Structure formats: structure tokens, C-alpha cells
Amino acid sequence: MPEHKIDATKWIDSYSDYLYNYTISRVSDSEIAKDLVQDTFFAGLKSMKNFKGEASERTWLISILKRKIIDYYRKINSKKGKAEVRMSYSTDSDGEGEWLEERVEDKSYKNAEDTLENTELSVAIYNCLDKLPQKQAQVFKMKTIENFDTEIICNELNITASNLWVIIHRARTALSSCLEKNWY
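Residues numbered from 1 in each chain as written. Predicted model: local features only at pLDDT ≥ 70, side-chain atom pairs only at ≥ 80, totals over all residues. Heavy atoms only, no water.

1. Observations regarding the side chain of Gln136
- In this structure, Gln136 sits in helix H5 (residues 134-145).
- On the accessibility criterion, Gln136 (15% relative accessible area) is buried.
- Aside from chain neighbours lying at most four places away, what touches Gln136 is Ile167, Arg170 and Ala171. (Helix = DSSP H or I, 4+ residues; strand = E, 2+ residues; numbered from the N terminus. Buried < 20%, exposed > 50% of the residue type's maximum accessible area, 1.4 Å probe, protein only. Contact = heavy atoms within 4.5 Å.)

2. Comments concerning the packing of helix H2 (residues 30-46) against helix H3 (residues 57-78)
- Taken N-terminus to C-terminus, the directions of H2 and H3 make an angle of 125°; their axes are 9 Å apart at the nearest point. When the axes of H2 and H3 are compared, the pair comes out oblique. Relative to H3, H2 is oriented so that their crossing is right-handed. For the pair H2 and H3, contact is made by Ile32, Leu36, Val37, Asp39, Thr40, Phe41, Ala43 and Gly44 and by Trp60, Leu61, Ile64, Leu65, Lys68, Ile69 and Tyr72, respectively.
- Split into classes, the residues belonging to the contact of H2 with H3 amount to eleven nonpolar, two polar and two charged. (Axes fitted to C-alpha atoms, helices over the stretch in contact; angles between N-to-C directions. Parallel < 35°, antiparallel > 145°, perpendicular 65-115°, else oblique. Left-handed = near helix turned anticlockwise from the far one by under 90°. Nonpolar A, V, L, I, M, F, W, Y, C, P; charged D, E, K, R; others polar.)

3. Some points on the confidence of the model for the chain
- Considering every residue of the chain, the mean pLDDT works out to 78; 75% of them sit at 70 or more.
- Taken together, the stretch residues 84-90 has pLDDT below 50 and engages in 22 contacts with residues farther than four places along the chain or on a different chain.
- Contacts of residues 95-104 to residues separated by more than four positions or lying in other chains number 27 contacts, the stretch itself having pLDDT below 50. (pLDDT = per-residue confidence, 0-100.)

4. Here's the deal with the packing of H5 against helix H7 (residues 161-182)
- Contact geometry of H5 with H7 gives a least axis separation of 9 Å together with a crossing angle of 100°. The angle between H5 and H7 falls in the class roughly perpendicular. Facing Lys135, Gln136, Val139, Phe140, Lys143 and Thr144 of H5, the residues of H7 in contact are Leu164, Trp165, Ile167, Ile168, Arg170, Ala171, Arg172 and Leu175.

Have a look at this one:
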């Protein structure tokens, strides 16, 4: 198998505009788009040895960028439902000296009824998971419940990332349908 050479010195001139335009259409923030493209180039540099030449460099970089965009949205969505806690180490009232100490989950909305409903939902989800084809259930549990990385799941189950997301989509669709019939 011939070794495929990558010339990373030409990436910025050759691909930065394309990657930026691709990103800005998905995140709608110029600074974030620039950061994601930069992260893509860094990730590409780190994993150059893994480039097999099965696709063009641009296609390979786009696949890295897609994962960066997905990670960006996951990060944003993981912060939902959390409250900011601000602490001041200064007695000045002008706001100087404040910093974001930590983020904590806002538990003020939880009550016994919510807890019971969550327990019932959990039981319903697991009952519906048992009705899925084995591979769909396994992939869904690994990705969504156990929070395994895509790469680890793909390697362990010998599937592609695209296949993984198709399986996840099908599992979610089936779970949604099952929950509508059996839980609501």
C-alpha cells in the first residue's frame, strides 16, 4: 500500500476559505467559525499519519471539521439547564473583581413528582430499548447513555462513523415511536 503524502503547508491557502464558508453556514458566528477551522487544522496535523488517501485532503479535513462542529454544539447543549454562580473577591461595587466560579445545575425545579416521572420515563426507555434490534440498542446505549466517543464505538463494533449516526437516528426514531405508544 503506497504511503500518501500530505502537504500541510498548503492547507491555509488551499482550504481555509472553503472550510470557513462551510463552517459559517452552520454556526453563524465568525469568531467561532474561525476557531473551528483552526481546530480542524490542528487536528489534521495531529492525525496526518492516519490519512490513508482514500479521499481528497479537502474531504478528509471536512470530515474532521464536521466532528468539530458537532462537538461545539454538544458543548453548548451540555451547558443548558445550568445556572451561573458568581462570586466576588472584591468589595468594589463596580463589578471589577467578579469571576465565574463554577456552573451548577439548577435544582430548584425538581420535586417529587418530577423524580417519579423521570423514574417512570427511565423504565419506559429501557423497555423500548429491549424492543430494538440488538445492534441498534447496543450503539444507542454506548453513545447516548454510556457516553462513549464515536471513534471508540466504531472501532469496537467495526462500523463507520456514518453508519453509527444512521443507527443512532434509527434507534431514536424507533424509541420515539415506542415511547409515544407506551409512555404518554
